[in-house]
Amino acid sequence: AESTGIHGEALLLIVKTCYHIFLGSRSESIQLFAKASLTQILIAVMTRMEHPAESITCIAVSDIVGSKPTQSKGPDPEKVVQELLNLVFQDISEIKGLQKAESFVIRSDDEEQNGVDADTEVLNSQTARSIGTFAMEGEELTNKVLTIRKDTFLVFRALCKLSMKTSEDNASDQLAIRGKILSLELIKVLLQNSGKIFQTHERFIEAVKQYLCLSLLKNCASIISPTFQLSASIFQTLTEKFRSSMKSQFGVFFPMIYLKPLESPTFETGKGMISSYDLYSQWVVLFRCLYSICCDKQILSDIFVNYDCDIDESNIYERLIAGLVRVIQRGIPMEDSGFSSTMLFNLNFFALQCLVGIVKSLAIDDTEASRLSASGDSVDSNENEESTNDAEHMNGDDEKLDEEVDSSQMDQLEQKKAYKMNYQKGLNQFKKKPKKGIQFLQKHKMLGESAEEVAKFLKSSQGLDKSGIGEYLGDGDPFNLDVMYSYVEMCDFTGMKFDEGLRHFLSGFRLPGEAQKIDRFMLKYAERYCICNPENIFANTDAAYVFAYSVIMLQTDAHNAQVKNKMTMEEFKKNNRGINDEKDLPGEFLSEIYENVVNNEFKIKGDDSNNTSVEVQTKSRSGLPGLDAILNVFGGSQVRSIEPNEEMIRQKHEEMKQKGSASKWATAVGNEDTRPMLEVAWAPFLGAISIAFEESDDESITSLCMDAFYYVIKVAAPQEMETVRDAFLTSLAKATHLHMPIGKMHQKRGEAFKTLLNVALQCGNHLNSGWKTVLTSISQYERICEQQGNSGTDEILGIATSPKMTPKKERFKKKAVMSPAQVSASIVDTFGSTCTSNIVQVYENSGNLSSTAVVHFVKALCEVSSQELESKLSPRVYSLTKIVEVAHYNMNRVRIVWSRIWSILADYFIFVGCHSSLNVAMYAIDALRQLAMKFLERDELANYTFQNEFLKPFVTVMRQSNAVEIRELIIRCVSQFILARVANVKSGWKSMFMVFTAAASDENRQLVALAFSTIEKIVREYFSHVTETETSTFTDCVNCLIAFANSTLIDVSLNAIAFLRFCALKLAEGELGELEAPSAGTDNNIAEKVQEKPSVSEDSVDAEKSATNVNKTPRAILFTDQDVHLYFWFPLLAGLSELTFDTREEIRQTSLEVLFDILDYHGSTFTIDFWVRIFNSILFPIFDQVRAEATEITTFVRDSDRSKEDAWLYQTCKNCLQHVIDLFSKFFKELRGLLPQLIDFVCGFIRRNHENLASMGVEVFSKMALAIAEEADEKELSLMFEGIRNVLLETEPSIQPLLASLEDESEAKGSSGEGARRRARSLTEGSGARKLANLKCKISVQILLAQSIGNIYTALKSKSATSSKLVLLSLLKDIVQKTKSINLDIEQRGSLIALQEKGEVEPSSRLPDPPLLELEKQSFHVFLGVLMNLAVDITDEAELGKVRFIFLFSRAWLDPFIYQISTKPFPTLGC
């Protein structure tokens, strides 16, 4: 009441009274009222302390009734008690007289005995300290508040003490049991209603540690079922509310209460003492408490961070997982428990439920975790659909920022866990081989290198194997000895008796059995003991050493069961006579030592001899030294007392208090611990749920297993735990049995498939490579559905279904075998109709996947489709159809993402388009056509190439496919694109032209014609669209036309060449926007010539206007040697130049004509640099083949075959060369810089040892000279004359080399016989024939050159200077003189005549005598003509004098020939 205060002793007395009434009364109603009153009092006390402003309401009696009271004829006790409580509340509220609380002091012997009065006196005597102690940080307490907090403290302590009352007789004391149960229930009420003050105040926390933990130590091991259940429930409440202040206590109680029953292979608590139902109830309570903890993410995270990641603590979380898995796989670890099959099933279900609760808590956020932890309901797979959907798209900026913030914390946590795992691995190695264990720890920087550091580690580290420590310290290696010495020096034996010091020394390790090792230990111990205790009874250290060894012998003798005759005290004294410097030790000292050793065995601290923990052998079962004794009491079947040993409990309680002072609790924040927690649990977890799923057909078990699969994948996938994700996906897929369908499948297979689809829908953004598993299962399911409907891929593709053969083993069975259609129908019915809708949703949701996830999805879908197509007899295209759908759903994604998707799809369509099955390939191409038509509906921005990338599969398949039908289909598809979407085609022109280019070289003539018909339409009607967006496609169009020009179809080739002329016109007219118009400083002559060009059609003018959008009149383009100009012109010109080598004369002539027409028509727009590139790269290379192949040997081709082999040489080459000279002559003003190069080029023909080429060269040279004679200056004329001089020198005929070489060859082969000598001197075969032909060729060339000089003189006589004319006269004079000298050599002429006669040269082929007579006559005739013209034309006396000098100098050898040539008198020239 507000006006009445009952505190201190009065409050305790009331509680005590109600407590005794409950125990003493036999009336059910009175017991219930007493219990309700106590509950109401405790709630009021706690509410007054935690929430002073809140009013206290009456409790509901139904909440405290554990079970329904026994029905009787009287009124309902629960109703009666509730009415009475309500009446009391009403009466108290009407009390107005008492304004101040009075303190009632009532004492009794019983109270004195229980220490109630003593407690209150202690508190009252320390009021000042109490105020400071009960106050929160920075809080000032009033007396009223202090009193309320004291009341809470006193009531809590009293209840804890009442709960620790023991019955030392047996379990038949029901009164004590009822009291214990009631006190535990009231403690639970207090804890559940506690708030911030009770949970965080140091005084109350210490009370919980001191009193409640001691109570739990006594009660959690009780065989009384309600006591154990309440202890477990109380610890659950402590876990939820007090764990941050009780790290050491939590590390003891959690394994003791929850883990020991799960881990122990022989857990038989209470077996034979309580009923199976009570024992089953204990297990149910255990699992209920565990489930509550497992569903609380924060609790699990705190456990993992504070224990599994702490090197000094036990792996509680890992042990919890292992224990639950063990129950699921092996059942309850009890033999002959008496449990029914239903009980066993329920317990397995509870264990599986706990596991699912763990993984579900990892999968949800903190708010959901707290909500689920409070609800305590079972896990349902559909419960968190909304949260799952909200977590799908994790690509936003907020999510990425959170991941970056948590990543560092996660890394630190993973490092701690990895460090601990390595540490435990080192401890495990230490147990097997101590040296290797120490080396492992040192290698991983967990242990220092010095002996002092190793000794400190061995002495202070927990979990080390005691036998391993003794083995390592006792080793005789120098370093081990140093470690042992350091270890002993760390021990302080000051003030200890000799046996106490030895007992303390040996408590840290197990003494080895070898005498030498024991000797070293005892020697060092004796030394250290004497140093710590200078005043001892030993005369020297040797005496202490001998006595220590004797004590060890006594220990072995007294406590070894194999020793039958034990050592007596007299024998012990006798063994130690004279060891103290030849004196005896005092008898009393020896007797005391003997008694202590015999009666109290030397024990190792934390003895690990019976360690059976499920962890790696690094710690005892509890994780704390000495707790195993309590655990053994908890689980031992031989124990028949109600509670464990009191002294053992007290000892363990003190150890917890000591350790608790140094333990600090770390609260987990965020989700950084999710990944390492799952890493620890996933492997055993997978094994457990797989076994549970396969071994049970129960729907509840199936539901839990499916939830487990779903939530594990949901956690692992976003954490990028690929191994975990793929392992669970694969297991889930196998659980469907779709890979091996049978006649009748259980409903759980359908649930597995539904869960797999649910995973795909909810976690698709993080499945990555796991999509292949999902899509493979979907493909398998659809294959079964196709078998049911008998209409699947076989019918779509038009492939005959192969007959189903009955296996031989089944042909003679009487049992009917289900047909595939029946099997599939059964499976479809089992899986349900919802699977089909979910499958459709999986593909439709691909458009909602993240940019990375959709790439993985498409890649997996292509791989599955490839597997479907592997069958040559019955390939399936189900996934191929889905690829088309998925591409359609994702076509509107941003272009970068779409390009990544299409890079995968393109390769796949190429693969399928080249499939060996024609139907499959055609299906793929048609699917690709549908996508392309859809894609081309979208406009493409400038400078993008998505259309080109999209259409590339058509190009590759066109090139690689061997099927004519496929190639024809591709051409028709591309033609359809152009006709239907020409306005939208941008960068796609490139791929389209590549398709037609590939078609141009096809062997099928009809296919070539079909392709060219489309190209013709493009050039005639859609040419403006080709270069509208990207001008580079012009080059692709040109290359395509060149490919068609090389086609085997004459009409196609000629039309393609004509279109090339059209393209050149468009290019030169400036309709390609990339090119630049001439600047203001351009040469006026070029501009004038551009304006003089013939007018073009109106269509061309309109096209140019639309292309330029600048001027209303066409603008000329000045082409330079810039890369951009070369890029557009050279493919066209080079293609035409290559066509001049075509084997068909019509094609050669047409291409040659078009090439030079283009150059002639548009050459005025070319700069000199551009012309140089054209001559060097286009025109001159045309003659490379001629100059390489037309060798001397062609001279000996028979006349009948010469026309065939030299067709190109006589026709095309000559025309081409003439065109080159005509072109040069026309643009001589612009190309005069090319004159030296062109002279050298033409002279190269003249130098050849080929009469036709040489004559052609002379003719062309003469034509060039005559054409440029009027415009050439003296310097350029000198260049031409110098070229003639050089050619004359190189082609000068000589007989002597022919005769000399033949004589040398004849002599060299003289020893080879007459036949060899004859062939060597022959002029009809071998080198002789070649040299004779060479001489004839040079004679002919000299004649032609002489005639050409005369022609040149005629053209220059009226325009050039006299000096140039004299140069020509000098050239002719040199020819005449050299020829005359050869003809007058009688000896050479005779040798040549004899040689020709002996060589059997035909008369028609012989050289005349003299050999150069014709050359001399022709050259002399030209010389005289020039000389006569010079005499007439020259009027200058000085120049005329030079002519007279030449005449007089040459008259001596000219006279004989003057009269041979002409009968007319020679002019006197004034002489």
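Residues numbered from 1 in each chain as written. Predicted model: local features only at pLDDT ≥ 70, side-chain atom pairs only at ≥ 80, totals over all residues. Heavy atoms only, no water.

**A short note on the overall build of the protein chain**
Right, on to step 1. In terms of regular secondary structure, the protein chain is built from 69 helices and 0 strands.
Right, on to step 2. Burial statistics for the protein chain: of 1471 residues in total, 51% are counted as buried.
Right, on to step 3. A fraction of 75% describes how many contacts in the protein chain between residues 6 or more apart in sequence connect residues 24 or more apart. (Helix = DSSP H or I, 4+ residues; strand = E, 2+ residues; numbered from the N terminus. Buried < 20%, exposed > 50% of the residue type's maximum accessible area, 1.4 Å probe, protein only. Contact = heavy atoms within 4.5 Å.)

**Quick word on the packing of aromatic side chains**
Right, on to step 1. Counted by the stated rule, this structure contains 71 aromatic pairs.
Right, on to step 2. Ring centres of tyrosine 525 and tyrosine 529 lie 5.9 Å apart, and the angle between their planes is 35 degrees; on these two criteria the pair is classed as tilted. With tyrosine 525 and tyrosine 529 both in helix H25 (residues 515-532) and 4 residues apart, the pair spans about one turn of that helix. One exposure class covers both tyrosine 525 and tyrosine 529, and it is buried.
Right, on to step 3. Above the ring of phenylalanine 22, the side-chain terminus of arginine 178 is found at 5.0 Å from the ring centroid.
Right, on to step 4. Over the aromatic face of phenylalanine 693 sits the side chain of lysine 748, whose NZ or CZ is 5.0 Å from the ring centroid. (Phe/Tyr/Trp six-rings, centres within 6.5 Å; stacked < 30°, edge-to-face > 60°. Lys NZ or Arg CZ within 6 Å of the ring centre and 35° of its normal.)

**Overview of the environment of proline 1293**
Right, on to step 1. Position of proline 1293 relative to the elements: it lies in the loop between helix H62 (1274-1290) and helix H63 (1296-1308).
Right, on to step 2. Through-space distance from the C-alpha of proline 1293 to that of lysine 1378 is 9.0 Å; in sequence the pair is 85 residues apart.
Right, on to step 3. Leaving out residues up to four positions away in the same chain, proline 1293 has contacts with Leu1335, Lys1338, Ile1339, Gln1342, Ile1382, Leu1412 and Leu1415.

**Some words on the side chain of asparagine 480**
Right, on to step 1. Within the secondary structure, asparagine 480 is located in helix H23 (residues 478-489).
Right, on to step 2. One polar contact links the side chain of asparagine 480 to the main-chain carbonyl oxygen of tyrosine 472, over a distance of 3.0 Å.
Right, on to step 3. Non-local contacts of asparagine 480, meaning those with residues more than four positions away in its chain, are made with Lys435, Tyr472, Leu473 and Asp475. (Polar contact = N/O pair within 3.5 Å; in protein donor to acceptor, adjacent residues only side chain to side chain.)

**Overview of the nonpolar core**
When a protein is soluble and globular, its nonpolar side chains tend to lie buried together.
Right, on to step 1. Core analysis: the largest hydrophobic core is formed by 350 residues, its most contacted members being Phe254, Phe287, Tyr317, Leu324, Phe1044 and Trp1129.
Right, on to step 2. Apart from residues lying up to four places away in sequence, leucine 324 is in contact with Leu262, Phe287, Leu290, Cys294, Ala351, Cys354, Leu355 and Ile358.
Right, on to step 3. With 56 residues, the next largest nonpolar core counts Ile469, Phe509, Tyr529 and Phe547 among its residues. (Core = buried A, V, L, I, M, F, W, Y, C linked by side-chain atoms within 4.5 Å.)

**Regarding the environment of arginine 1247**
Right, on to step 1. Here arginine 1247 is to be found in helix H60 (residues 1235-1247).
Right, on to step 2. In this structure, the C-alpha to C-alpha distance between arginine 1247 and glycine 1257, residues 10 residues apart in sequence, is 8.7 Å.

**Remarks on unusual backbone geometry**
Right, on to step 1. A cis amide bond, omega -5 degrees, links aspartate 1409 with the succeeding residue proline 1410.
Right, on to step 2. Relative to the helices and strands, proline 1410 resides in the loop between helix H67 (1386-1398) and helix H68 (1413-1433).
Right, on to step 3. Phi at glutamate 720 takes a positive value of approximately 60 degrees, unusual for a residue other than glycine.
Right, on to step 4. Structurally, the position occupied by glutamate 720 is in the loop between helix H32 (699-716) and helix H33 (722-735).
Right, on to step 5. Residue glutamate 720 is classed as exposed on the basis of its relative accessible area of 60%.
Right, on to step 6. One non-glycine residue, histidine 737, adopts positive backbone phi at about 60 degrees.

**Concerning helix H15 (residues 316-330)**
Right, on to step 1. For H15, spanning 15 residues, the distance from its first C-alpha to its last is 21 Å, which sits close to the expected 21 Å at 1.5 Å a residue.
Right, on to step 2. Among the 15 residues of H15, 11 are classified as buried, and the element is accordingly described as predominantly covered.
Right, on to step 3. Listed in full, the buried residues belonging to H15 are Ile316, Tyr317, Arg319, Leu320, Ile321, Gly323, Leu324, Val325, Arg326, Val327 and Ile328.
Right, on to step 4. Looking at the residues trailing H15, positive phi occurs at glycine 331, about 85 degrees. (Expected span 1.5 Å × (residues − 1).)

**Some words on the packing of helix H44 (residues 946-960) against helix H46 (residues 988-1000)**
Right, on to step 1. It is at 7 Å that the axes of H44 and H46 come closest, and there the two elements cross at 10 degrees. One way to sum up the angle between H44 and H46 is to call them roughly parallel. Between H44 and H46, the residues in contact are Gln947, Asn948, Leu951, Lys952, Phe954, Val955, Met958 and Arg959 and Gly988, Lys990, Ser991, Met992, Met994, Val995, Ala998 and Ala999, respectively.
Right, on to step 2. When its residues are assigned to classes, the contact of H44 with H46 shows 9 nonpolar, 4 polar and 3 charged. (Axes fitted to C-alpha atoms, helices over the stretch in contact; angles between N-to-C directions. Parallel < 35°, antiparallel > 145°, perpendicular 65-115°, else oblique. Nonpolar A, V, L, I, M, F, W, Y, C, P; charged D, E, K, R; others polar.)

**Topic: the confidence of the model for the protein chain**
Right, on to step 1. Mean pLDDT for the protein chain: 76, with 73% of residues reaching 70 or above.
Right, on to step 2. Predicted confidence is poor over residues 95-132, with pLDDT under 50, and the contacts of this stretch with residues over four places away or in other chains come to 48 contacts. (pLDDT = per-residue confidence, 0-100.)

**A few points about the pattern of salt bridges**
Right, on to step 1. Using the criterion set out here, one finds 38 salt bridges in the structure.
Right, on to step 2. In this structure, the salt-bridge partner of glutamate 694 is arginine 749, at a minimum N-O distance of 3.1 Å. Note that glutamate 694 is positioned in helix H31 (residues 674-695) and arginine 749 in helix H34 (residues 747-762), a separation of 55 residues in sequence.
Right, on to step 3. Residue glutamate 694 is classed as partly exposed on the basis of its relative accessible area of 39%.
Right, on to step 4. Residue arginine 749 is classed as buried on the basis of its relative accessible area, which comes to 8%.
Right, on to step 5. Taking the shortest distance from any N to any O, the salt bridge between lysine 1263 and aspartate 1222 comes out at 3.0 Å. Taken together, the residues lysine 1263 in helix H61 (residues 1251-1268) and aspartate 1222 in helix H58 (residues 1207-1226) connect sequence positions 41 residues apart.
Right, on to step 6. Overall, the relative accessible area of 31% leaves lysine 1263 in the partly exposed class. (Salt bridge = Lys/Arg side-chain N within 4 Å of Asp/Glu carboxyl O.)

**Comments concerning a negative patch on the surface**
Right, on to step 1. Negative charge collects at one region of the surface, where Glu449, Glu452, Glu453 and Asp482 lie side by side.
Right, on to step 2. Tracing the chain through its elements places glutamate 449 in the loop between helix H20 (434-443) and helix H21 (451-460). (Patch = residues over 30% accessible without salt bridge, like charges linked within 9 Å, V, L, I, M, F, W, Y side chains within 5 Å. Areas by Shrake-Rupley, 256 points an atom, 1.4 Å probe, with all protein chains shown as cover. Lys, Arg positive; Asp, Glu negative; His and termini not counted. Charge placed at Lys NZ, Arg CZ, Asp CG, Glu CD.)

**A word on helix H7 (residues 143-163)**
Right, on to step 1. Taking 1.5 Å as the rise per residue, H7 with 21 residues should run 30 Å; its terminal C-alpha atoms sit 30 Å apart, in good agreement.
Right, on to step 2. Judged by how many residues are buried, H7 sits mostly within the fold: 15 of 21 residues are covered.

**So, the environment of valine 974**
Right, on to step 1. Residue placement: valine 974 occurs in helix H45 (residues 964-981).
Right, on to step 2. Residue valine 974 is classed as buried on the basis of its relative accessible area of 2%.
Right, on to step 3. Sequence-wise, valine 974 and methionine 992 are 18 residues apart; in three dimensions their C-alpha atoms are separated by 6.6 Å.
Right, on to step 4. With near-sequence residues (within four places) excluded, valine 974 lies in contact with Met992, Val995 and Phe996.

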